[in-house]
Amino acid sequence: MGLVERFLEYVKFDTQSDENTNLTPSTPGQMVFANYLKGELEKMGLSEITLDDNGYLMATLPANTDRDVPTIGFIAHLDTSPDMSGHNVKPRIVKAYDGGDITLNAEADVVLSPAQFPELKHYVGQDLIVTDGNTLLGADDKAGIAEIVSAIAYLQEHPEIKHGKIRIAFNPDEEIGLGAHKFDVERFGADFAYTMDGSETGELEFENFNAAVAKVTFKGLNVHPGYAKHKMLNSIRVANQFAIMLPRWETPEHTEGYEGFYHLIGIEGSVESTTLTYIIRDHDRDRFERRKKELEHLTRKINNEFPGCASIEIRDQYYNMREKIEPVMYVIDIAKQAMENAGIVAKVQPIRGGTDGAQLSFKGLPCPNIFAGGMNFHGRYEYVSIQAMEAAQRTIVEICKIVEQR
């Protein structure tokens, strides 16, 4: 089975994660997919294959060299985003993309257009795998899984390529921020690793957001509206007052590059009680801490006007991996050289998000992120270039070669 065939098989599995179940994996489909992959790795003859009760699948391609070579790892995640359905994915291949509009679903008038997604122009002449407009595709991160498995198969088929011990891992629940929480770094046993979870060809990332989630709850007092004067406290209105106190330009739709933001992702409310849920993001740790303090400050301001009305709960999610990668920058040099060897221009840039690699780096496993080729993640307009996937597979092989040669 080749790279494309693997990917098309993998996207058949519905592996959406769900942050509300409090289970690991958060959904049963992820374990179904993990068991399928376990069987595939067993047929390939890999060693040290383990699948634990939490859905963490690990395996080894043994070294074929006598040199003392570091153990390297490659990691991708099993789940797809809960933002859109991953059930009954129907991919199709657009051969030699011509640069124009791609009709995904004529009946629903769903069109993938370079007018809306100008990055499509980068893929003129390439073969694109797209959706039917009803689901996401699942290239995030089944493209990464397919690339890792296919690279391992390639190394098995070419024993003349010398390499050290290679560990691979596929984990659940990355999309809900829990992918690394139960990842056993010691059992994985790699000296350093790479997540194959980036986007456009050549992406190489070792900086990500510091991240937190904040829930601000407002308690109101409901009274019959005909007799509410000087009695009612409408928590929805107070919550709205809080929301507009935050700077409007520091939101995702107004920021890029290293600019952080506050992002209101949920509102649940009634007159009696309303909760606003925010995610807080910033690459700079000091600014990140100031953003959290600003939310606490605004909560106090609300309570000055409406005593006892507002309460806030803030939970850190992950931190910028840069501080853990900088002492071992050779892992970035290796990836850059591998891309160059594979005929790819490396694009070192910050992640405007997070990956499992960020949390793993803080658990003692340096783990930058490499492109997997998918674009427009988490929605019906998701697509992946076959040539980009092939480039990612070549990059994995080249990394293994470089580590052995060094």
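Here, every reference points to the structure presented above.
What counts and how
- Residues numbered from 1 in each chain as written.
- Predicted model: local features only at pLDDT ≥ 70, side-chain atom pairs only at ≥ 80, totals over all residues.
- Heavy atoms only, no water.
- Disulfide = S-S within 2.5 Å.
- Helix = DSSP H or I, 4+ residues; strand = E, 2+ residues; numbered from the N terminus.
- 1 Å grid on protein atoms, 1.4 Å probe; cavity = no way out; pocket = protein on both sides within 12 Å on 5 of 7 lines; lining within 4 Å.
- Points joined across faces, edges and corners; volume = space filled by probe spheres on them.
- Nonpolar A, V, L, I, M, F, W, Y, C, P; charged D, E, K, R; others polar.
- Phe/Tyr/Trp six-rings, centres within 6.5 Å; stacked < 30°, edge-to-face > 60°.
- Buried < 20%, exposed > 50% of the residue type's maximum accessible area, 1.4 Å probe, protein only.
- Lys NZ or Arg CZ within 6 Å of the ring centre and 35° of its normal.
- Core = buried A, V, L, I, M, F, W, Y, C linked by side-chain atoms within 4.5 Å.
- Contact = heavy atoms within 4.5 Å.

1. Comments concerning the state of the cysteines
Summed over all chains, the structure comprises zero disulfides. Of all cysteine sulfurs, the one in Cys400 lies closest to Cys367, which takes part in no disulfide; the gap is 14 Å.

2. Here's the deal with unusual backbone geometry
Along the chain, Thr24 connects to Pro25 via a cis peptide bond; the corresponding omega equals -5 degrees. Positionally, Pro25 belongs in the loop between helix 1 (3-10) and helix 2 (28-44). Residue Asp141 follows Asp140 across a cis peptide bond; omega there is 15 degrees. Tracing the chain through its elements places Asp141 in helix 3 (residues 139-157).

3. A few points about empty space enclosed by the protein
Counting across every chain of the model gives one cavity of 30 Å³ or more. Looking at the largest cavity, its volume works out to about 30 Å³. As for the largest cavity, its lining consists of Ile75, Ala76, His77, Asp141, Glu174, Thr195, Asp197 and Asp356. A total of three residues in the lining of the largest cavity trace back to one element, the largest contributor, which is strand 3 (residues 72-77). Residue composition of the lining of the largest cavity, grouped by class: two nonpolar, two polar and four charged.

4. Remarks on the packing of aromatic side chains
With the rule as written, the count across this model stands at 15 aromatic pairs. A ring pair is formed by Phe183 and Phe188, whose centres lie 5.3 Å apart and whose planes are at 80 degrees; its orientation type is edge-to-face. There is no split in this pair, since Phe183 and Phe188 are both buried. Through a chain of ring-to-ring contacts, three or more aromatic side chains come together here, namely Tyr10, Phe13, Phe33 and Tyr36. A cation over a ring is seen here: Arg248 above Trp249, with NZ or CZ 4.6 Å from the ring centre. Above the plane of the ring of Tyr262 lies Arg291, whose end atom (NZ or CZ) is 4.9 Å from the centre.

5. What to know about the nonpolar core
Formed by 69 residues in total, the largest nonpolar core has its most connected members in Phe7, Phe74 and Phe170. Among residues more than four places away in sequence, those in contact with Phe74 are Ile148, Ile166, Arg167, Ile168, Ala169, Phe188, Tyr194, Met196, Ile396, Ile399 and Cys400. Counting residues in hydrophobic clusters, the runner-up holds 20 residues, among them Ala214, Val216, Phe288 and Leu298.

Function cannot be inferred from these measures alone, as they are strictly geometric.
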